[in-house]
Amino acid sequence: MGDNRNFLIAILLSVLLFVGWQHFVVTPRMEAEKARQQAISEQQGQPAGTAATPGAGEGARLPEVSTLAPSGATITPTVLGTDEALAQSPRVKIASEQLDGSIALRGARFDDLRLRQYRETVDKTSPEVVLLAPRGTAKPYFAEYGFVAAPGVAAKLPGATTPWTLENGSTLTPEMPVTLKWDNGEGLVFHRTISVDQNFLFSISDRIENRSAAPVTLYPYGLVSRTGKPEGKSFYLLHEGFIGEFLNNGEQTLKYDSAVKDGPKTVSDTEGWLGLTDKYWATTLIPQTGKPFVGRFSAEPGPGNDPARETFQADFRYEALTIAPGQSATVDNRLFAGAKVSKLVSKYRDEGIYRFNLLIDWGYFWFLTQPVFKAIDLIAHQVGNFGIAILIITVLIKLAFFPLANRSYEAMSKMKKLQPEMERLKEVHKDDKMRQQQEIMELYRKEKVNPLAGCLPILIQIPVFFALYKVLFVTIEMRHAPFFGWIHDLSAPDPTTIFNLFGLIPWAPPAFLMIGAWPLLMGFTMFVQQRMNPAPADPIQQQIFLWMPVIFTFMLASFPAGLVIYWAWNNLLSVLQQGVIMKRQGLKIEIFSNLGLDKLFARRGAGGDRS
């Protein structure tokens, strides 16, 4: 029976080994590599943390996009309010069922975008979620498209401060695109047509006319830039930061927290997309399919290493585009800026955006997470409530594993029958532990009982639990999804707590004391289920199992309420199933009769056996 104890020790040692390896080996290696790259960069005469991007032509090297199109890192003397910042440029309004906002005619920037169907809190009257914000505000976040001149060529091209004019249209809607125009006064005329679909996908088509007497070579680019990380803490199980999917380079990711120290990352490809992703929202650049481009992720520390002023920029640049005199050329791009709705990103994937469904972080166990979400989403649309859908999917999962669980509960019932005989053997051979274990194992063999069979329900539950946790944590469909009563958001923790009598006492306990009604119910059902199982022979294991419901109650109290509801409901179903099997086996179900505090918290005497 000491195997389980050894297993727990092995897990602890593994965790310590992993943390130690990360701290003493991986981190020093990363720091050394960063120092090496910085030394090389200084020797080559370029600032540390920048990357050379090859251009067309022999020996051509283009300047950094960030130096040509200033990002959100630009510091203004004072932080402006949103309305004041928006007033710095004439604007074209954006209006649809999904979006509010505007496009700045100065630079033709997408820097004012709000999501009409999503609110900051569960209160329907709370402000709309703000996705993009202009420069000058506390946290600028915008997308921009422009052109870079070839090395040594001083051509006037549209960039961050270009004063575009409105050529066609007045308000950008799904039914009405707008066209912007800029003439550089030297023979180049740029026409930019912008359209938006019914959701969050913009299309940007640039037509460049060369009315000069000489050919012109330029490099189209696109960028998305933000200053500061998203609100809230970062999570290990969720990716937030740079993200991209590429045909020849696969998935490329870089978290916000590590982007500044890890330095730029570049990718050359012909198909894919790249951008910035948060838990529920994303802004991504989608270059034209089949057209070679170089993508890059880069970050800069804030002034004085202020983390609130760190700047993150994802950008791409096409190969050189040469336009002969009297000719014109067209460059097409797309921009996604909105909510990561599962059906929507899958629809864009089906319409040709390479692996766009992976904008949602389904995790390594996507083969479990995605089916669980699709099943819950389908049921929720039928019953009108995601909480009810979770209860139904739990029943379906229990039915799917019913035969396996039945065998497991039957084995545990048999072990409970053998409990008196096991106690007798322990008493008879109390001075010979080896003989005691041999006799107990022989008893198992004779009665055809597998002591590990009781672990099967837990092993089955773990992957489903993880998949549901991931679904509740990353899918926007679960955000602000209500259940009943006080649960107004299944993706948030239970807001009640026993320590102020569930709101009767006007006191807000600290976070670690927020133990709500559902976590308490979950802990109680877990306790009842344990009391129906045979007690472990090892005293240490008994203490671990005794305190496990308490530990899980505190631990899961901070988890999404939907997950706690699932766990409590699953425990209740398991108790009912196990009770039926125990009754069929002729066992008396004794739960409350075994709840004496003297039995639960009894400690062995000083001379007792602690092995």
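In this text the structure is predicted, and so the values were computed from the model without any measurement.

Calculation notes
- Residues numbered from 1 in each chain as written.
- Predicted model: local features only at pLDDT ≥ 70, side-chain atom pairs only at ≥ 80, totals over all residues.
- Heavy atoms only, no water.
- Helix = DSSP H or I, 4+ residues; strand = E, 2+ residues; numbered from the N terminus.
- Buried < 20%, exposed > 50% of the residue type's maximum accessible area, 1.4 Å probe, protein only.
- Contact = heavy atoms within 4.5 Å.
- pLDDT = per-residue confidence, 0-100.

S.K.: I would appreciate a short explanation of the environment of Ser298 in the present structure.
M.R.: On the secondary structure map, Ser298 appears in strand β19 (residues 293-300). Note on Ser298: relative accessible area 12%, which makes it buried. Separated by 39 residues in sequence, Ser298 and Ala259 have C-alpha atoms that sit 7.0 Å apart. With near-sequence residues (within four places) excluded, Ser298 lies in contact with Phe242, Pro264, Thr311, Phe312 and Gln313.

S.K.: When you look at the confidence of the model for the protein chain in this model, what are you seeing that I'm missing?
M.R.: Caution applies to low-pLDDT parts of the model: their predicted coordinates are not meant to be read in detail. Residues at a pLDDT of 70 or more form 78% of the protein chain, whose mean pLDDT is 81. For the protein chain, the element scoring lowest by mean pLDDT is strand β2 (residues 61-62), at 34; strand β18 (residues 281-286) scores highest, at 98. For residues 32-76, every residue scores under 50 in pLDDT, and the model assigns this stretch 75 contacts once sequence neighbours within four places are set aside. For residues 594-611, every residue scores under 50 in pLDDT, and the model assigns this stretch 25 contacts once sequence neighbours within four places are set aside.

S.K.: What am I meant to see in unusual backbone geometry here?
M.R.: Backbone geometry follows two general trends: most residues other than glycine have a negative phi, and most peptide bonds adopt the trans configuration. One non-glycine residue, Ala108, adopts positive backbone phi at about 50°. Taking the relative accessible area as the measure of exposure, Ala108 reaches 0% and is therefore buried. A positive phi angle, near 60°, is found at His480, a position not held by glycine. Relative to the helices and strands, His480 is located in the loop between α11 (456-474) and α12 (517-531). When its relative accessible area of 21% is taken as the criterion, His480 is described as partly exposed.

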